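Structural description and commentary
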Amino acid sequence: MINDDVLNAIARVKAEPTYVAYSALANLAETAREQGYEPYRIAVLRNFTIEPLIPVIKGEAVRLGLAPDVYVADFDAIAESVLNSSSQLYTHKPHLILLAQWVETVSPLLMTKFLSLSKERVEDEVARIVDTMESWLRAIRSNCDAPVLANNFPLPNIVTLGILDYQSESHQLHTVLMLNNALLKMSKNFSDVYWVDTLSLFARLGYATAVDERNWQAARAPISKHALLPLGLEYAKFIRALRGKTCKCLVLDCDNTLWGGVVGEDGLDGIKLGNTHPGSSFVAFQQECLNLYNRGVILALCSKNNEADVFEVFKKHPDSVLKAHHFAAWQINWDDKATNLKRIAEELNIGIDSLVFVDDSAFECDWVRKQLPQVEVVNLSKETYHYRKELMLSGYFDSLTFSNEDKKRSQMYVSDNQRKQLLKTASSFEDYLKGLGLKAEIGRPDKGDVPRVSQLTQKTNQFNVTTRRYTEGDIERFMASDNSEVFFLKLSDRISELGLIGVAIVQYKNGVADVDSLMMSCRALGRGAEETLMSLIYKRAKQRGCKKLVGTYLKSKNNAQVADFYSKQDFKLVEESPEGTKWERTIESQMAKDYPNWIAVKETNV
Amino acid sequence: MNVTEVKLKKVLADVFKIEATAVNEGTSVDTVERWDSLTHLNLILALESEFGVSFSEEQSVEIMNYPLIKMVLQEHGVKFQ
């Protein structure tokens, strides 16, 4: 099904990310669309020549399984585009709007004539820029709901007053920072406006490296050849997060990845791990892995060792930041790593494309890339002090929300291991479920739940009947409307709290309750939670006097497991198309759907 | 640096979405459909990245055909076998 040209070009950018490789991949966007990649329309508003960056953004989108279609509006014509409701910006029906501004164009006054400005005049100029952008965002929001991705401004490399600048009351560099802060603050009044942090990126790269003064003067194209890839990747990180492609599980090699040396040969005392170089690099790397764990990333191991040797390190080595209880799954054996990665994904019940595999061996990385092109691979460099950076700057785990569930998630996957032990000792599956002491809280979410609800729609790929992705703004609109309701399900058992793991969105029209979305985090499946959520939908529809429930299944790459969900819920098939199926169920007045008897259900806000 | 022209042709092919085998001495801004003032910028950045060179202002506007690109790269020490 996947065209070889596209796949080969993706493999090429993964193995050697160069501008030329991205150009080649970007040029295959149309082919990708023909091959069934998900269409993804981007509209770009800009006041500088952003064109050289477009191949990187497009290439990254294809790599994420999308078929990008990019519309770039005329140079410095942002107001014209946003204010005219029939402009190409809106007729393009973008999934994402880039609002790309360059501070030299935004305010020549602040950049080149700073000396002539009074403190008040500087403040007026900042206010003018903020007001302008606010009016643009208001215009965009009254015409479309697409997320807007803006950028902040880097510090300029030339300041008018030289060394005196920093000593002055309202100095020029401070003014840029102030402007950035004011814009950020203003944007919080709008839903789904995000910021590419150009300020930090250019600080990391160095202004002189990141900006091509020649192309700025010649073509108003400031992004240098050194900044094209890093900046394009920053944009792509947002696309990944917005499209629910955030990776979930970090799979780590052990020898020369988590410590220096080979534990089977060098022994517990011989491996390099500690306060002094080079052991310190590995401690720093382990710390970043732990930070990811605390962000909710599942940790797993895939290494060619004796299992006992490896766990001796986590249990006994005084400088090992990572402990045995941080890992939710492991395949420590001499089988090939692609096979082991598949086992890990199966065991954790997550998609193979949500794994990130990290190894120092070019051979292993190459093998995994070839066998499992869906897996993101980080091939650590020879220099161990780069490890931290190589892991963190990839952005594979970056997300646009951070909820309490995230903080607990990695721990939950570890608890699943304990549940599996329990299952081995129970006499029947129902006994096992009863023994778990399951408690569910179901109902309508309040405002505080919105980020998590939105996040579930963005991240849930497998148990998701329609895979419709919704931003926080979308969820708020569903909640506010009289014709739709949002439901959540929180689950806990005696081993741990799973948190908010189920969401359903129902639209009501003419006595019909239409299930727009229904999803469940995979770690909660098989315990009756999905039936519980369905029962609530049934009950609410009945309360609202509906006569019929309608369910839709839309096929995606990952959701085959819910193809028969509605059939299991006693729905009748009414329509079948290449995109999916449509189901119906009448609501009989005398019959209520009961919650499973092994779950203690508490209803909230219904 | 010693390279074959294959590498140079591949750069033009990838940037302009043409076949590498179709790139020859006659390839220029006038013969390639996608070669315009904007994709020319992409070409400059791609050549500089790929060959590790930096063109002067003058060179960056002058490389409008294949022989001139080769010549300017040679001025930067790139040797074609």
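In short, a report on the structure. It should be emphasised that the depicted structure is a prediction, and the values quoted were computed from it without experimental measurement. Residues take numbers from 1 onward in each chain, read along the sequence in its written order. Naming scheme: in the order in which they are written, chains are lettered from A and ligands are numbered from 1. For a predicted model such as this one, the threshold for reporting local features is a pLDDT of at least 70, and the threshold for listing and counting side-chain atom pairs is 80 or more; totals across whole chains, interfaces and linings nevertheless cover every residue. Only hydrogens and water are set aside; all other atoms, that is, all heavy atoms of the structure, feed into the side-chain values.

1. Quick word on the sheet that holds strand β16 (residues 572-577) of chain A
All names here are of chain A.
- The rule for pairing is simple: two strands pair if DSSP sees at least two bridges between them. Helical segments are the DSSP runs of H or I of at least four residues, strand segments are the runs of E of at least two, and each set is numbered from the N terminus. In spatial order, the strands read β16-β17-β15-β14-β13-β12-β11-β18; together these 8 strands make up an open sheet with mixed pairing. Bordering the open sheet on either side are β16 and β18 (599-604), each of which pairs with just one other strand. Averaged over all adjacent pairs, the angle separating strand axes in this sheet is 25°, with direction ignored.
- The pairing of strand β11 (residues 438-443) with β18 spans 6 bridges and is parallel. Bridge pairing links Gly443 to Thr604 in β18.
- Any two residues having at least one pair of non-hydrogen atoms within 4.5 Å are treated as being in contact. Lines fitted to C-alpha atoms define the axes, with helix axes restricted to the stretch in contact, and inter-axis angles between N-to-C directions lie between 0 and 180 degrees. Set on the sheet, helix α24 (residues 472-480) makes contact with β12 (484-492), β13 (497-509) and β14 (512-520); between it and β12 the angle comes to about 110°.

2. Regarding the pattern of salt bridges
All names here are of chain A.
- Just to be clear on terms, a salt bridge is a Lys or Arg side-chain nitrogen sitting within 4 Å of an Asp or Glu carboxyl oxygen. Under the definition given, this model contains 42 salt bridges over all chains.
- Of the charged contacts in the structure, one is a salt bridge between Arg343 and Asp335, with a shortest N-O distance of 2.8 Å.
- Look at Asp335 and you get partly exposed, because its relative accessible area is 34%.
- A salt bridge links Asp449 to Lys490; its shortest N-O distance comes to 3.8 Å. Note that Asp449 is positioned in the loop between β11 and α23 (450-459) and Lys490 in strand β12, a separation of 41 residues in sequence.
- Think of it in three bands: residues with accessible area under 20% of the maximum for their type are buried, residues over 50% are exposed, and the middle band is partly exposed, with areas taken using a 1.4 Å probe on protein chains only. On the basis of relative accessible area, Asp449 is assigned to the buried category, the value being 13%.

3. Focus on the state of the cysteines
Residues and elements named next belong to chain A.
- A pair of cysteine sulfur atoms is labelled a disulfide when the two atoms are within 2.5 Å. This structure, assessed with the given rule, holds 0 disulfides over all chains.
- Cys249 carries a free sulfur, and the closest cysteine sulfur to it, the one in Cys247, is 9.6 Å from it.
- Under the relative-accessibility criterion, Cys249 is labelled buried at 0%.
- Free cysteine Cys302: the closest other cysteine sulfur is in Cys254, separated by 8.9 Å.
- You can call Cys302 buried: its relative accessible area is 0%.

4. Considering the packing of α23 of chain A against α24 of chain A
Residues and elements named next belong to chain A.
- Axis separation between α23 and α24 bottoms out at 8 Å; the angle between their running directions is 110°. For the element pair α23 / α24, the angle class is roughly perpendicular. The hand of the α23/α24 crossing is right-handed. Between α23, through Val450, Pro451, Val453, Ser454 and Thr457, and α24, the contact on the second element is made entirely by Glu472, Ile475, Glu476 and Met479.
- Gly is placed with the polar residues, together with every amino acid not listed as nonpolar (Ala, Val, Leu, Ile, Met, Phe, Trp, Tyr, Cys and Pro) or charged (Asp, Glu, Lys and Arg). In the contact of α23 with α24, the residues fall into 5 nonpolar, 2 polar and 2 charged. Under this scheme an angle from 65 to 115 degrees is roughly perpendicular, one under 35 degrees roughly parallel, and one over 145 degrees roughly antiparallel; angles in between are oblique. Less than a right angle of anticlockwise turn of the near helix away from the far helix marks a crossing as left-handed, whereas a clockwise turn marks it as right-handed.

5. A few points about the nonpolar core
- Tyr235 of chain A together with Leu8, Leu12, Leu47, Phe51, Ile69 and Leu73 of chain B are the most contacted members of the largest nonpolar core, which totals 73 residues.
- What Leu73 of chain B contacts, discounting residues up to four positions off in sequence, is Leu8, Phe51, Val53, Phe55, Val78 and Phe80 of chain B.
- If you look at the next biggest cluster of nonpolar residues, it comprises 41 residues, including Leu433, Leu518, Met520 and Val562 of chain A. As used here, the term nonpolar core means buried Ala, Val, Leu, Ile, Met, Phe, Trp, Tyr and Cys residues forming a set that is joined through side-chain atoms within 4.5 Å.

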